[in-house]
Amino acid sequence: MNKNELLKMVSGIEDRVMVSRLLDKAEQCRYSSFVYSDFLSPHEAVIVKRVLDKVDGIFYTFTGGFEGAERVMAAMSSDFIDEEEALDNAPISYLRITPVIDKDLSHRDYLGSILGLGIKREKVGDILVYENYGDVFLIDKIAEYISYNLDKIGNTRVECELQQVYRYTPPERKEKIINTTVASVRADSVTASGFGMSRTKVMEYFKAQRVNVNWEPVSNPSKQLSEGDVISIRGKGRILLDKVGGTTKKDRINIIIKRFE
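Rules behind the numbers
Residues numbered from 1 in each chain as written. Predicted model: local features only at pLDDT ≥ 70, side-chain atom pairs only at ≥ 80, totals over all residues. Heavy atoms only, no water. Salt bridge = Lys/Arg side-chain N within 4 Å of Asp/Glu carboxyl O. Pairing = 2+ DSSP bridges. Helix = DSSP H or I, 4+ residues; strand = E, 2+ residues; numbered from the N terminus. Core = buried A, V, L, I, M, F, W, Y, C linked by side-chain atoms within 4.5 Å. Buried < 20%, exposed > 50% of the residue type's maximum accessible area, 1.4 Å probe, protein only. Phe/Tyr/Trp six-rings, centres within 6.5 Å; stacked < 30°, edge-to-face > 60°. Axes fitted to C-alpha atoms, helices over the stretch in contact; angles between N-to-C directions. Parallel < 35°, antiparallel > 145°, perpendicular 65-115°, else oblique. Left-handed = near helix turned anticlockwise from the far one by under 90°. Contact = heavy atoms within 4.5 Å. Nonpolar A, V, L, I, M, F, W, Y, C, P; charged D, E, K, R; others polar.

Another aspect to go through is the pattern of salt bridges. The tally for this structure, following the rule as stated, stands at eleven salt bridges. A salt bridge links Arg186 to Asp188, with the nearest nitrogen and oxygen atoms 2.8 Å apart. One network of salt bridges, in which partners are shared, links Arg186, Asp188 and Arg199.

Next up on the list: the sheet that holds strand 7 (residues 152–153). The strand order 5-6-4-8-7 describes an open sheet built from five strands, whose pairing is antiparallel. The open sheet is flanked by strand 5 (124–129) and strand 7, the only strands paired with a single partner. The pairing of strand 7 with strand 8 (residues 156–164) spans two bridges and is antiparallel. Opposite Lys152, over in strand 8, you have Arg157 as the bridge partner.

Of all hydrophobic cores here, the largest spans 55 residues; its most connected members are Val19, Met76, Ile97, Val124, Phe137, Leu138 and Ile146. In terms of nonpolar packing, the next biggest core, distinct from the first, is built from 21 residues, Phe195, Tyr205, Phe206 and Leu241 among them.

Under the counting rule described, the total for this entry stands at eight aromatic pairs. Residues Tyr60 and Phe62 carry aromatic rings whose centres are separated by 5.7 Å and whose planes lie at 75 degrees to one another, so their mutual orientation is edge-to-face. You can call Tyr60 buried: its relative accessible area is 18%. Given the relative accessible area of 21%, Phe62 is considered partly exposed. Note on Phe66 and Tyr168: the rings are 5.5 Å apart at their centroids and 55 degrees apart in plane angle, and the pair reads as tilted. A residue pair is termed long-range when its members are at least 10 positions apart, and Phe66 in the loop between strand 2 (59–63) and strand 3 (72–77) and Tyr168 in the loop between strand 8 and strand 9 (175–182) qualify at 102 residues. Of the two residues, Phe66 and Tyr168, both sit in the buried class.

We now examine the packing of helix 2 (residues 13–26) against helix 3 (residues 42–52). It is at 11 Å that the axes of helix 2 and helix 3 come closest, and there the two elements cross at 55 degrees. Judged by the angle between their axes, helix 2 and helix 3 are oblique. The way helix 2 lies across helix 3 gives a crossing that is right-handed. Every residue of helix 3 that contacts helix 2 at Asp15, Met18, Val19, Leu22 and Leu23 is listed here: His43, Glu44, Ile47, Val48, Val51 and Leu52. For the contact of helix 2 with helix 3, a count of residues per class yields eight nonpolar, one polar and two charged.

Attention shifts here to the environment of Thr247. Structurally, Thr247 can be placed in strand 13 (residues 237–247). A relative accessible area of 54% means that Thr247 is categorised as exposed. Counting along the chain gives 64 residues from Thr247 to Ala183, while the straight-line C-alpha distance between them is 9.4 Å. Sequence-distant contacts of Thr247, defined by excluding residues within four places in its chain, comprise Arg252, Ile253 and Asn254.

The next thing to look at is helix 7 (residues 187–195). For helix 7, a buried count of eight out of nine residues is recorded, marking the element as mostly surrounded by other parts of the structure. Contacts from the buried residues of helix 7 go to strand 9, helix 8 (199–207), strand 12 (230–233), strand 13 and strand 14 (253–260). Positive phi appears at Gly196, one or two residues downstream of helix 7, with a value of about 65 degrees.

Its place among the elements puts Glu216 in strand 11 (residues 216–217). Along the sequence, Glu216 and Met73 sit 143 residues apart, while their C-alpha atoms lie 18 Å from each other. Among all residues touching Glu216, those that are not within four sequence positions of it are His43, Val46, Arg50 and Val211.

Taken in spatial order, the three strands of this open sheet run 1-3-2, and their pairing is antiparallel. The open sheet terminates on both sides in strands that have one partner only, identified here as strand 1 (35–40) and strand 2. Across the sheet, the mean angle from the axis of one strand to that of its neighbour is 20 degrees, orientation sign disregarded. Taken together, the four bridges between strand 1 and strand 3 define a ladder with antiparallel strand orientation. Residue pairing across strands places Phe39 opposite Met73, the latter belonging to strand 3.

This is the structure in structure tokens:
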């Protein structure tokens, strides 16, 4: 493993620091059956995948505690590893945090209170907010610490119940299916159709650098997309270009988009 050469694949100081730490952990695969990174954002996971694909002798997969998790750990091994093995051995627990009184708490409320205990963001996985409680995925030791120390979110008293991930049932993902046609599968055209916006409005998001394709920032609205590409607008959610079909009599392209709510 030539660490310096691998780091040249990464731009951005924060991303390079993250990859450097991950490569240090990958070296531990010689002495341990499984090695896990901290939680990675979707953008970081894309970078990690690109780097680990260049590392000989390391097998890897990702797990976040349940199928469909956005924030995931990279599970690395010197032997073949599948997603089920990675989850079974992952140092992940989750906390079910319930307000003592009826109170609507947001993702920001849960995250802010946890970080307020001195916890780093990379130690926290997905936070799933329901009507009467929130489920927070965390590194094992951090989950135990928070369960003893978190008794309030804002001014609202809460109770924490430590759970093991093998008991977790993933939530059903709400999605809207959009059958439409576009002149081309350019990023701006597909984004406008998927989010129900005008092309003019979509261009504002591109100019503000708020559009990601497959979790990587995209400033070029003419970028050509393919089936399976995920497009997200920061603060607006995300869509999936699920299928690109044939053309109509007017030479427009049939596409199917999934919009996640």
